[in-house]
Amino acid sequence: MTQINKIKFLKIREFLLLLSVTSFIVLFDFNMRWLILIYSPYVFLKIVDDFKYKNFKVFFIIITFVFLLFIHLGINNYIYNFEISKKQFISTFVIGYIAFFTYYFYYDIINSKKNLIYIFFILFILSSLIGIFNLKLDNPTFCGGLKNIFFSASDIYNIGTQYFFKYELGGSEDKIDRINLSFGEYLFKENSHLGMIAPSFILFFLYTHTNEKLYSIKFFLFYIFLLLCFIKSSTTLLLGLFVSSLVILIFQYKRLNKKFITILIFLALIISIIFINDKECKKRVYYQDNFKKIVNSYPSPIDNSTEALELNKKDNFLSKFFNVYSGNISSKVFWYNLKLSIFSIYENPLGWGFQNYSNAHEYLSNKYFRNKKNFDTVIIQFNNKDGSNNLNKIIVEFGIFGIFVYFFIIIYILSSKVSISEKIFLLPFIITQSLRGGGYFNAGFILIIFLIFMSYINRNESNK
């Protein structure tokens, strides 16, 4: 191979890698996440090379991992009479592929993160500009955002639904003070989907900015992106930024420069002020309706059998534990899925199996909640496949093994030998999507989990 051809080959490989990672993390709402598979020829060649030099260790570790996922799923499906779906079957193999992909190309993926960030900025800005130009409508009531300070109630009713709003206001005066001036865009179906990934890009750019000199065009892209994120705000985005900032600030304080520390404190304060003053934000976390109305819908024993008494003890404990508040449908669904994850540990401590959340959700809902007094059956129709967030999904599907996943994340956070720049880029993905997520294959979650694992393994090689 000539030098020119070799350069072309490397450029093509870099492009395909960036396309794979970008599609998996950013373009999930377009169902383009499966483009990560276009890198499979390079993964296959790496496996062949390992076999050529008799390096079988990693291959057998990953294959064993995939096999155990199948066994765990199969046992649960046999016990509870569930069927293994095509989605579960394919997803298990894809997880194995992503594990190989991450292991062989970890450094390439990590080194491409800056290009990934700027591509994301450009894509989102273009999507927003096209949405504004086409007058794409948006839901005007969400957490944060740019509040209505430019239009009167009559203006809102006369021109609002034409230019800003996805739904008619229906003459409801009480909604006027909750209206945001916003626009629809095409990259994400919901503002919360943007919020699943934006905190990582924002915090990493700010960290890079405080350590390196950046070109003015990069500043321009970032501040336009940040402005659009502010306009297209969501509870997910704000909480993701807030919690990620606090985690980084608390556990990495000694490794941060003063500028970045100031930025993190400023972000936390601004978000706190928004939540204190924004009715929509508060409604998505709590409300005046006592959640005990739902909790008290647990079954009570109809006899004095040992099984019934044990069930009653479980219900009493959980009723006290969940004496919290819930608000609109989003917060009710969130707390309900959290409650299911706790019940799941009692019912099946080893977990229900990979991608089996929907079956577990239906089983637990039918057994404990659906036919009980005062139970709002509407909430079981939402997020019954992803658990509202990936924390619930992992706990339900893997039980105590899922707890070990988060125990490892804590070890990763506390490690002083892991690259600080990698932590700032990777951790907000996991933190945010553990608060509000869409499953393993949306917003790059499973890829980030494997990258964190590789980052920890290689912690002594890139401690910066």
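Being a predicted model, the structure only gives us computed values, none of them experimental.

How each quantity is defined
- Residues numbered from 1 in each chain as written.
- Predicted model: local features only at pLDDT ≥ 70, side-chain atom pairs only at ≥ 80, totals over all residues.
- Heavy atoms only, no water.
- Helix = DSSP H or I, 4+ residues; strand = E, 2+ residues; numbered from the N terminus.
- Buried < 20%, exposed > 50% of the residue type's maximum accessible area, 1.4 Å probe, protein only.
- Contact = heavy atoms within 4.5 Å.
- Areas by Shrake-Rupley, 256 points an atom, 1.4 Å probe, with all protein chains shown as cover.
- Polar contact = N/O pair within 3.5 Å; in protein donor to acceptor, adjacent residues only side chain to side chain.
- Patch = residues over 30% accessible without salt bridge, like charges linked within 9 Å, V, L, I, M, F, W, Y side chains within 5 Å.
- Salt bridge = Lys/Arg side-chain N within 4 Å of Asp/Glu carboxyl O.
- Core = buried A, V, L, I, M, F, W, Y, C linked by side-chain atoms within 4.5 Å.
- pLDDT = per-residue confidence, 0-100.
- 1 Å grid on protein atoms, 1.4 Å probe; cavity = no way out; pocket = protein on both sides within 12 Å on 5 of 7 lines; lining within 4 Å.
- Points joined across faces, edges and corners; volume = space filled by probe spheres on them.
- Nonpolar A, V, L, I, M, F, W, Y, C, P; charged D, E, K, R; others polar.
- Phe/Tyr/Trp six-rings, centres within 6.5 Å; stacked < 30°, edge-to-face > 60°.
- Lys NZ or Arg CZ within 6 Å of the ring centre and 35° of its normal.

Visitor: How should I be thinking about the overall build of the protein chain in this particular structure?
Guide: Looking only at helices and strands, the protein chain has 18 helices and two strands in total. Every one of the 464 residues in the protein chain was classed for burial, and the buried ones make up 52%. Long-range pairs, those at least 24 residues apart, make up 80% of the contacts in the protein chain between residues at least 6 apart in sequence. For the protein chain, the exposed area adds up to about 23,200 Å²; of that, 64% sits on carbon and sulfur atoms.

Visitor: Looking at this structure, how should I read the side chain of T210?
Guide: Checked against the element boundaries, T210 lands in the loop between α7 (191-209) and α8 (216-231). Within the local environment of T210, its side chain forms a polar contact with the backbone oxygen of Y207, the two atoms lying 2.7 Å apart. At 3.2 Å, the side chain of T210 forms a polar contact with the side chain of N211. Excluding residues that lie within four positions of it along the chain, T210 makes contacts with N257, K259, F260 and I263.

Visitor: Help me out: how do you make sense of a nonpolar patch on the surface in this one?
Guide: A cluster of nonpolar side chains, contributed by F30, M32, I122, L126, L129, I130, I132 and Y186, occupies part of the molecular surface with about 710 Å² of accessible area. Within the element layout of this structure, F30 appears in the loop between α1 (3-25) and α2 (40-52).

Visitor: Would you mind showing me how to read unusual backbone geometry here?
Guide: Its identity is not glycine, yet K54 carries a phi of approximately 60°, on the positive side. With respect to the element layout, K54 can be found in the loop between α2 and α3 (57-79). Although it is not a glycine, Q355 sits at a positive phi angle of roughly 60°. Along the chain, the position of Q355 falls in the loop between α14 (329-347) and α15 (357-368).

Visitor: Help me understand the nonpolar core in this model?
Guide: Note on soluble globular proteins: their nonpolar side chains tend to be buried together. Of all hydrophobic cores here, the largest spans 102 residues; its most connected members are I25, I98, F101, F120, F121, I197 and F201. Residue contributions to this core peak at twelve residues, all from helix α4 (residues 86-111). Each residue touching I98, except ones within four places of it in the same chain, is listed here: F24, I36, F441, I446, L447 and F450. Ranked by size, the runner-up nonpolar core spans 15 residues in total, among them V333, Y357, A360 and I379.

Visitor: Teacher, can you tell me more about the confidence of the model for the protein chain here?
Guide: Close reading of the predicted structure is inappropriate where its pLDDT is low. When the pLDDT values of the protein chain are averaged, the result is 84; 82% of them are 70 or greater. A low-confidence stretch, residues 287-305 stays under pLDDT 50, and its non-local contacts, those more than four residues away or across chains, total 52 contacts. Contacts from residues 314-326, a stretch scored under 50 in pLDDT, to residues over four places away or in other chains number 45 contacts.

Visitor: For this particular structure, what's the right way to read the layout of surface pockets?
Guide: A probe matching the size of a water molecule, rolled over the atoms, marks out where space remains unfilled. Here the second largest pocket defines a volume of roughly 900 Å³. Lining the second largest pocket are 27 residues, with F65, V405, I449, F450 and F453 positioned closest to its centre. Here the lining of the second largest pocket gets eight residues from one element, more than from any other, and that element is helix α16 (residues 390-414). Class assignment of the residues belonging to the lining of the second largest pocket gives a composition of 25 nonpolar, two polar and no charged.

Visitor: What's the story with the packing of aromatic side chains in this structure? I'm lost.
Guide: Two descriptors summarise a pair of aromatic rings, namely the distance from one centre to the other and the angle between the planes of the rings. Applying the stated rule across the entire model yields 53 aromatic pairs. Residues F343 and Y368 carry aromatic rings whose centres are separated by 4.5 Å and whose planes lie at 70° to one another, so their mutual orientation is edge-to-face. One end of the pair, F343, is in helix α14; the other, Y368, is in helix α15, and 25 residues separate them in sequence. In terms of burial, F343 and Y368 fall into one category: buried. Against the face of F183 rests K232, its NZ or CZ located 5.4 Å from the ring centre.

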